[in-house]
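# Secondary and tertiary structure notes
For reference, the chains in residue letters:
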Amino acid sequence: MKDQIDVSVRRSPKYAVFMGAGAILGVLIAGLLTLIVDPSQIPAEYTVAKGAGLLLIFLGVGGLFLGGLIALLLDWRGRKRAREYRVEAQIDIVDDPKVVAARRLAEMRGETPADPDVESVDSPVDSPAEAAPESPVNDANGRGDLGRG
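Sequence order as written defines the numbering, with residues in each chain counted from 1. Per-residue local features are limited, in this predicted model, to residues with pLDDT of at least 70; the limit for side-chain atom pairs, both in listing and counting, is 80 or more; totals at the level of whole chains, interfaces and linings are taken over all residues. Water and hydrogen atoms were dropped before computing side-chain values, which therefore reflect all heavy atoms in the structure.

### Remarks on the overall build of the protein chain
In terms of helices and strands, the protein chain carries 4 helices and 2 strands. In this text, helices come from DSSP runs of H or I with a minimum length of four residues, and strands from runs of E with a minimum of two, each type numbered from the N-terminal end. Order of helices (α) and strands (β) in the protein chain, N terminus to C terminus: β-α-α-β-α-α. In this scheme, a residue with accessible area under 20% of its type's maximum is buried, one over 50% is exposed, and one in between is partly exposed, where area comes from a 1.4 Å probe on protein chains only. Considering the protein chain as a whole, with its 149 residues, one finds that 11% of them fall into the buried category. Nonlocal contacts in the protein chain, meaning residues at least 24 apart in sequence, comprise 73% of its contacts between residues at least 6 apart. Here a residue-residue contact requires only that any non-hydrogen atoms of the pair lie within 4.5 Å.

Written as structure tokens, this is what we have:
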């Protein structure tokens, strides 16, 4: 069956790339600030390592969010510039999932798969032996499958 469908074509940014680049940029800025800051200007309760760690965390997370915001803005801009096209589409009709499942179960059991046109999957059970659940095998003493007396 052939049909025409409308599609929208646009450019979309990869969010992970923008967020990763923002985080890396934040970490680099934190490293530069750590090198520039004079250790004598840091309060007594902080060391240079603690200050660098705080800068890394705050600027890294800030860069992550800033990269995500830039990606969102670029995505919004790309949606405005999206182009619409009408294309020919060929739609294939797929088998019913119940028929596919029945065919796979028959193949797993080693049986030949039934033809879906001949027999319905939802047909009632033909023999009473298939309808009744299997009973446990009784041994010579009649104690059943559990082996208790």
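Let us keep going from here.
### With respect to the pattern of salt bridges
Whenever Lys or Arg places a side-chain nitrogen within 4 Å of a carboxyl oxygen from Asp or Glu, that contact is recorded as a salt bridge. This model, assessed by the stated rule, comprises 3 salt bridges. Arg 10 is paired through a salt bridge with Asp 75; the nearest N and O atoms lie 2.5 Å apart. Taken as a pair, Arg 10 in the loop between β1 (2–9) and α1 (15–36) and Asp 75 in helix α2 (residues 48–80) lie far apart in primary sequence, 65 residues in all. Between Arg 79 and Asp 75 there is a salt bridge, and its shortest N-O distance comes to 3.6 Å. Note that Arg 79 and Asp 75 are positioned in helix α2 at a spacing of 4 residues, about one turn of the helix. Residue classification places Arg 79 among the exposed positions, given a relative accessible area of 53%.

### Topic: the environment of Leu 55
The topology assignment puts Leu 55 in helix α2. A residue is classified by how much of its surface remains accessible, and Leu 55, at 27% relative accessible area, is partly exposed. Between the C-alpha atom of Leu 55 and that of Gly 26, which follows or precedes it by 29 residues, the distance is 8.8 Å. Excluding anything up to four places from it in sequence, Leu 55 contacts Ala 30, Leu 33, Thr 34 and Gly 60.

### Some details on a nonpolar patch on the surface
Only residues above 30% relative accessible area that lack a salt bridge enter a patch, with like-charged residues linked at up to 9 Å and the nonpolar side chains Val, Leu, Ile, Met, Phe, Trp and Tyr linked at up to 5 Å. Here, Shrake-Rupley sampling with a 1.4 Å probe gives the accessible areas, and only protein chains in the shown set may cover a residue. A cluster of nonpolar side chains, Tyr 15, Leu 66, Leu 69, Ile 70, Leu 72, Leu 73, Leu 74 and Trp 76, forms an exposed patch at the surface whose accessible area comes to about 770 Å². If one sorts the elements of the nonpolar patch by residue count, α2 sits on top with 7 residues. Summarising the element assignment, Leu 72 is placed in helix α2. What makes Leu 72 partly exposed here is its relative accessible area of 48%.

### Some words on the UniProt feature "transmembrane region" (unreviewed entry) in the protein chain
As recorded in UniProt, the sites labelled "transmembrane region" (unreviewed entry) are residues 15–37 and 52–74. The span residues 15–37 is 96% helix and 0% strand, and its two end C-alpha atoms sit 33 Å from each other. For residues 52–74, the end-to-end C-alpha separation is 32 Å, with 100% helix and 0% strand making up the annotated structure. UniProt positions are given in the numbering used here, feature names are shortened, and annotations may be inferred rather than shown by experiment.

### Some remarks on α1
Helix length check: α1, at 22 residues, gives a terminal C-alpha distance of 32 Å against a target of 32 Å (1.5 Å per residue), a fit within 8%. Those residues of α1 lying buried are Gly 22, Ala 23, Gly 26 and Ala 30. Considered in projection along α1, the buried side chains sweep an arc of 95 degrees and stay on one side of the axis. Along α1, the residues that are exposed and aim more than 90 degrees away from the buried face are Val 17, Ile 24, Leu 28, Leu 32, Leu 35 and Ile 36. Along its buried surface, α1 packs onto α2. Here a helix's expected span is defined as the number of its residues, less one, multiplied by 1.5 Å. This arc corresponds to the set of directions leading from the helix axis out to the C-beta atoms.

### What to know about the packing of α1 against α2
Where α1 contacts α2, the axes come no closer than 6 Å and their chain directions differ by 150 degrees. Considered as vectors, α1 and α2 are oriented roughly antiparallel to each other. Note on packing geometry: the crossing formed by α1 with α2 is right-handed. Only C-alpha atoms enter the line fits that serve as axes; for helices the fit covers just the stretch in contact. Angles between N-to-C directions range over 0 to 180 degrees. Note on terminology: angles under 35 degrees are roughly parallel, angles over 145 are roughly antiparallel, angles of 65 to 115 are roughly perpendicular, and the others are oblique. Note on convention: near helix rotated counterclockwise from far helix by under a right angle means a left-handed crossing. Clockwise means right-handed.

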